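# Structural characterization, general
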Amino acid sequence: MIGKRRQIITHIVLWVLISIILFPVVWVVSTSLRRDEAAFSTKLFSSRTSIQNYKDLLIPEKNMPVLAQELQSLIMVTPPYDQWDKGKIEKEIQKDISYLKVYMKETKDRQKNASEAFYKIRDYMASKNENLKHDIIAILEDLEEYLKRNLPKEESKNENFKLAIAAAIYKKDFDKDTILIFKDDLEKLFGLKIFSEKDIKKLTFLLGRYYEQKIEKNNSKLRELNRVINLNQEKYDRLLNEYTYLQDKVLNINNKITNDILKEILTFDKELKKIVENNYLSYVNVAYIPSINHKITEIKQIIENISKYPDLYEVKRALDNVSAKLALVKKPDYKKIDNILYNLKLLLKELDKNVEILQEKNRKVALLKQENEFLEIEKELIQEELEKQEENIKAFTKYGQLKIFISDLDKDIEKIEEAKDFNNFLELTYPLSNKFREFVTSYIIDFGRDNQIMNVEQTADKLKWLNDFKIFYEKFNLFSTNLNLIAEKSDSLIYAIDNKWKEVFEKSFKGEKSYLPEIDDLYNLIKTDFVNMVSSNLNIVSKKAGELMDNMPYGEIKGYLKKIDNEVFRIDQIWKQKTKHYFLRWVRNSIIVSGVSAIITTFICALAAYPFSRMRFWGRRYGILTLLLIQMFPSAVYMIAIYSLLNLLGKFIPFLGLDTLSGLTFVYLGNIAYNMFLIKGYYDTIPDSLEESAMIDGATRFQTFYKIILPLARPILTVVVILTFMNVFNEFIFARIILQDAQKYTYAIGLWTFSSGPYMTEWGLFTAAALLGMLPMTMLFLSLQKYIVSGLTKGAVKG
């Protein structure tokens, strides 16, 4: 006998894979049924469930804002109501007004029910006040005892421990209560018994001096360094701006010399050259020698000054040339050269002056920069010393923080014990959860996560419901008060509408377009006042009620919380302005386009595949492969071409143009090569002898096709219908490009609008739409699934 081996590992792997595969499906289903935001929740399932998302998609309700808008359109007789007869419009108006009254009554009844449940919760909590105090105090005392038991061990002889205690007290400004918290530690550290106020003052002085010597001294030095560095930086920036200004000024003078003056010198040099060439003298007139020598000496002096500036080399060379030619000219134009030399001297003088100032500024800038660098190094050294000191006392700082937290905890316990009633108790306890969490965050940043802080965190979680209950308590009172005001105003407006609508409607029906201002007031009340005064509080009440159902330790009131949640949710649905959608029309459009495309594609492919299977003609072998090859190109390649084609066709054949379902169907008919190849493979499996026998009996080729081949090929034709329907139903790219009108959208585009348009945060609506959109494909698939396996397997091979 062969024993069966237990495949335990295989089973475990299978269960893990099944869980991973089914998780998205479970999330979609659970999200479609929950009322809270699944995208912002850590829980897969919620206690707040509803089928409202499905109602909104399948049978949208005419709530208050919809009725108000419709009433105004009916009374003003605007399209499409201008096509209705008078009696029908009047009947519809009366019907809408009656619905408004029904909604107002329902709102009041549900508010009354929610208030009754709220009062029962309040009374129950008040009756349990002593039990609550006992339970909360027990939780806090357990935490206090645990922290005291696990305090880090003190080291009274350790200098770092002494410094840590001094730092903790310094941060509290040497507060008397803080000093008393560390009374035992301080007595050991300073050898001073604390009995009176005088002892505390003396100890405060000792602590201050000790802290000043050890830490504050470096802190003061660091602050002074920062002050000096900032002042130096301001001076440096100012000098740098002055230096930049002077640099630009020197550059401008330099440019003026190298451009304007050089140009004049070169021009004068050319004139001298012409004079020398035309009137060259082998001798020099003695009368002119002193003047010539004077000018040459003056020029050489200027050239010597210019030599200090390498950038003025061209000017120097030009003056050298002028000096050489000047000695050869009998009667030079001294007036012109004097003017050039005068301007050049002025510019050189100004250049010398500015360059000297520039050099001085540069020296000062360099000194300031160097000084700041030294100061920064000193600052870094002090900071390193402080960081090292802080690192040394870090372990002992934990002791100080925990001891202060324990002291605060003890004070909270004393205050809670003195609470006289539930309201007083709630005021004292609701901040504890947030207070603990702030301490946890600060502690983790400084010391990381350990057992002590995890215990504080767990206690904060246990007390969180008190904070939630406080918010729930306050917001419900606000919600109830504001809703009463809104309901009162709405009643008076509805009453006015009921009395005035006939008169206004008669004028509108006769052609005098009139409107009822009370309806606009009602709509604004719903859209603005309700949203600002009621809706925000209502949503918080509903959310907190759901959280309290999960977290509150008293199960007796969970039923009342659920009732409040249900009642306020319904009130919200009555008054909420919902975005209009055409979901059923989108699904219908997809069914029509997919169905027509599937039938036409199957019919064309069935006809086209027959010649490739039964007939012999030129191109038969590679024709179908060519079609397959063309279809392998991605749709993005011919996207623009198809758009242009439909744009052109729309001008001549409007029903095949852009933004039409028939045009979209026409585009989807191009997917034939693969289906034709599939059907051709199935035809090959049908014996030729069946057709030959029929033809011997007198049947034509076409008769054998539709009376023999088609009935036998029903499985593969069904497969093609299903596959084409599913592909077209889920196609998005071409539909998104071609369709513009929201009412003509297909299901795929409609689903996209739920996730990226006005419904982008409505995950419940999105997932419900996704599940409902699966139904047409699922029903088609299940009704024809028996043909799929046989059709695919028989059509895949020839034989």
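Everything below is about the structure shown above.
This one's a predicted model, so the numbers in the text were calculated from it and none came from an experiment.

## Thoughts on a negative patch on the surface
A surface patch of like charges, here negative, comprises Glu141, Asp142, Glu145, Asp410, Glu414, Glu417 and Glu418. Within the element layout of this structure, Glu145 appears in helix α5 (residues 129–149). Accessibility expressed as a relative area gives 46% for Glu145, which makes it partly exposed.

## A short note on the packing of helix α18 (residues 583–614) against helix α19 (residues 620–631)
Between α18 and α19, the shortest axis-to-axis distance is 9 Å and the interhelical angle comes to 145 degrees. Crossing hand, α18 versus α19: left-handed. Listed contacts from α19 to Pro611, Phe612 and Ser613 of α18 are Arg620, Gly623 and Ile624. Of the residues belonging to the contact of α18 with α19, the class tally is three nonpolar, two polar and one charged.

## Details of the packing of α18 against helix α21 (residues 661–668)
Between α18 and α21, the least distance of the axes is 9 Å, while the angle of their chain directions is 40 degrees. In terms of orientation, α18 and α21 fall into the oblique class. Note that α18 runs across α21; the crossing there is right-handed. For the pair α18 and α21, contact is made by Asn589, Val593, Val596, Ser597 and Thr601 and by Leu661, Leu664, Thr665 and Tyr668, respectively. Within the contact of α18 with α21, the residues separate by chemical class into five nonpolar, four polar and no charged.

## A short note on the packing of aromatic side chains
Scanning all chains against the criterion turns up 33 aromatic pairs. Ring centres 5.4 Å apart and planes at 45 degrees place the aromatic pair Phe118 and Tyr473 in the tilted group. Taken together, the residues span a long stretch of sequence, with Phe118 in helix α4 (residues 86–127) and Tyr473 in helix α15 (residues 451–509) at a distance of 355 residues. Tyr473 carries the same exposure label as Phe118, and that label is buried. Aromatic pair Phe702 and Phe705: ring centres 6.3 Å apart, planes at 40 degrees, arrangement tilted. Of this pair, Phe702 and Phe705 both sit in helix α24 (residues 701–712), separated by three residues, roughly a single helical turn. Taking the relative accessible area as the measure of exposure, Phe702 reaches 53% and is therefore exposed. We classify Phe705 as buried; its relative accessible area is 5%. Grouped by ring-pair contacts, the aromatic residues Phe118, Tyr119, Phe422, Phe425, Phe469, Phe472, Tyr473, Phe476 and Phe479 constitute a single cluster. The cationic tip of Lys88 hangs over the ring face of Trp84; the distance from NZ or CZ to the ring centre is 4.3 Å.

## Some points on the pattern of salt bridges
Within the structure shown, the criterion is met by 29 salt bridges. Note that Asp461 and Arg437 form a salt bridge whose closest N and O atoms lie 2.1 Å from each other. Taken together, the positions of Asp461 in helix α15 and Arg437 in helix α14 (residues 432–447) put the pair 24 residues apart, joining distant regions of the chain. For Asp461, a relative accessible area of 44% translates into the label partly exposed. The exposure class assigned to Arg437 is partly exposed, which follows from its relative accessible area of 31%. Residue Asp468 pairs with Lys464 through a salt bridge whose shortest N-O separation is 2.9 Å. Taken as a pair, Asp468 and Lys464 lie in helix α15 at a separation of four residues, close to a single helical turn. Judged by its relative accessible area of 1%, Asp468 is buried. Assessed through its relative accessible area of 29%, Lys464 is described here as partly exposed.

## Thoughts on the nonpolar core
In this structure, Met125, Phe436 and Phe469 are the most contacted members of the largest nonpolar core, which totals 85 residues. Broken down by element, the residue count for this core peaks at 20 residues, all from α15. With sequence-adjacent residues up to four places away left out, Phe469 is seen in contact with Ile121, Met125, Phe422, Leu426, Leu548 and Met552. Leu57, Ala598, Ile642 and Ala769 belong to the second largest nonpolar core, which has 32 residues in total.

Thresholds, definitions, all that
- Residues numbered from 1 in each chain as written.
- Predicted model: local features only at pLDDT ≥ 70, side-chain atom pairs only at ≥ 80, totals over all residues.
- Heavy atoms only, no water.
- Patch = residues over 30% accessible without salt bridge, like charges linked within 9 Å, V, L, I, M, F, W, Y side chains within 5 Å.
- Areas by Shrake-Rupley, 256 points an atom, 1.4 Å probe, with all protein chains shown as cover.
- Salt bridge = Lys/Arg side-chain N within 4 Å of Asp/Glu carboxyl O.
- Lys, Arg positive; Asp, Glu negative; His and termini not counted.
- Charge placed at Lys NZ, Arg CZ, Asp CG, Glu CD.
- Helix = DSSP H or I, 4+ residues; strand = E, 2+ residues; numbered from the N terminus.
- Buried < 20%, exposed > 50% of the residue type's maximum accessible area, 1.4 Å probe, protein only.
- Axes fitted to C-alpha atoms, helices over the stretch in contact; angles between N-to-C directions.
- Left-handed = near helix turned anticlockwise from the far one by under 90°.
- Contact = heavy atoms within 4.5 Å.
- Nonpolar A, V, L, I, M, F, W, Y, C, P; charged D, E, K, R; others polar.
- Parallel < 35°, antiparallel > 145°, perpendicular 65-115°, else oblique.
- Phe/Tyr/Trp six-rings, centres within 6.5 Å; stacked < 30°, edge-to-face > 60°.
- Lys NZ or Arg CZ within 6 Å of the ring centre and 35° of its normal.
- Core = buried A, V, L, I, M, F, W, Y, C linked by side-chain atoms within 4.5 Å.

Everything listed here is a matter of coordinates, which is why it stays silent on function.
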